[in-house]
Amino acid sequence: METVVIVIHLMVVLALVLVVLLQRSEGGALGIGGGGGGGLMSSRGTANILTRATAILAVAFFATSLTLSLIAKNQDRPGSILDAVPAATEGAPATGGAPTEGGSGGILDSLQQQSEPTGPQVPAAQ
């Protein structure tokens, strides 16, 4: 479902950019120059079509954006690393972050134990 909405959203974005670039600017540099009399592709007819297309694409853009945000809100989030921290025992005094001699069993102590070398790091001289 999310992939379908993302694809529709990207198509709406590209169409919206294209329609906005096709519109006549104040100087008329980027607009479609219609020549001659009235009709569908006259400058007035083109402006009406592009204005309506811009409004429709803008509504579609907002709708797909809101849909994507609702989908993201309702999805399961990965757990926080703080949820994995073991709780301190109730009887243990607070150490203020300083490690005790025996270690407090926290994440930092376990990481320090993992990083300590287990054997010789330099090959023995022959």
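Residues numbered from 1 in each chain as written. Predicted model: local features only at pLDDT ≥ 70, side-chain atom pairs only at ≥ 80, totals over all residues. Heavy atoms only, no water.

All right, on to the nonpolar core then. Of all hydrophobic cores here, the largest spans five residues; its members are V12, L16, V19, L50 and L57. Looking at this core, the elements that each hand over two or more residues are α1 (2-22) and α2 (43-74). Here the element with the most residues in this core is α1; it accounts for three residues. In this structure V19 touches L50, A53, T54 and L57, once residues within four positions along its chain are discounted. (Core = buried A, V, L, I, M, F, W, Y, C linked by side-chain atoms within 4.5 Å. Buried < 20%, exposed > 50% of the residue type's maximum accessible area, 1.4 Å probe, protein only. Helix = DSSP H or I, 4+ residues; strand = E, 2+ residues; numbered from the N terminus. Contact = heavy atoms within 4.5 Å.)

The next point concerns the confidence of the model for the protein chain. Of the residues in the protein chain, 55% have a pLDDT of 70 or more, and the chain-wide mean is 74. Mean pLDDT values over the elements of the protein chain span from 72, in helix α3 (residues 107-115), up to 94, in α1. (pLDDT = per-residue confidence, 0-100.)

Mapping L21 onto the fold places it in helix α1. On the basis of relative accessible area, L21 is assigned to the partly exposed category, the value being 49%. Linking L21 and L50, residues 29 residues apart in sequence, is a C-alpha distance of 9.9 Å.

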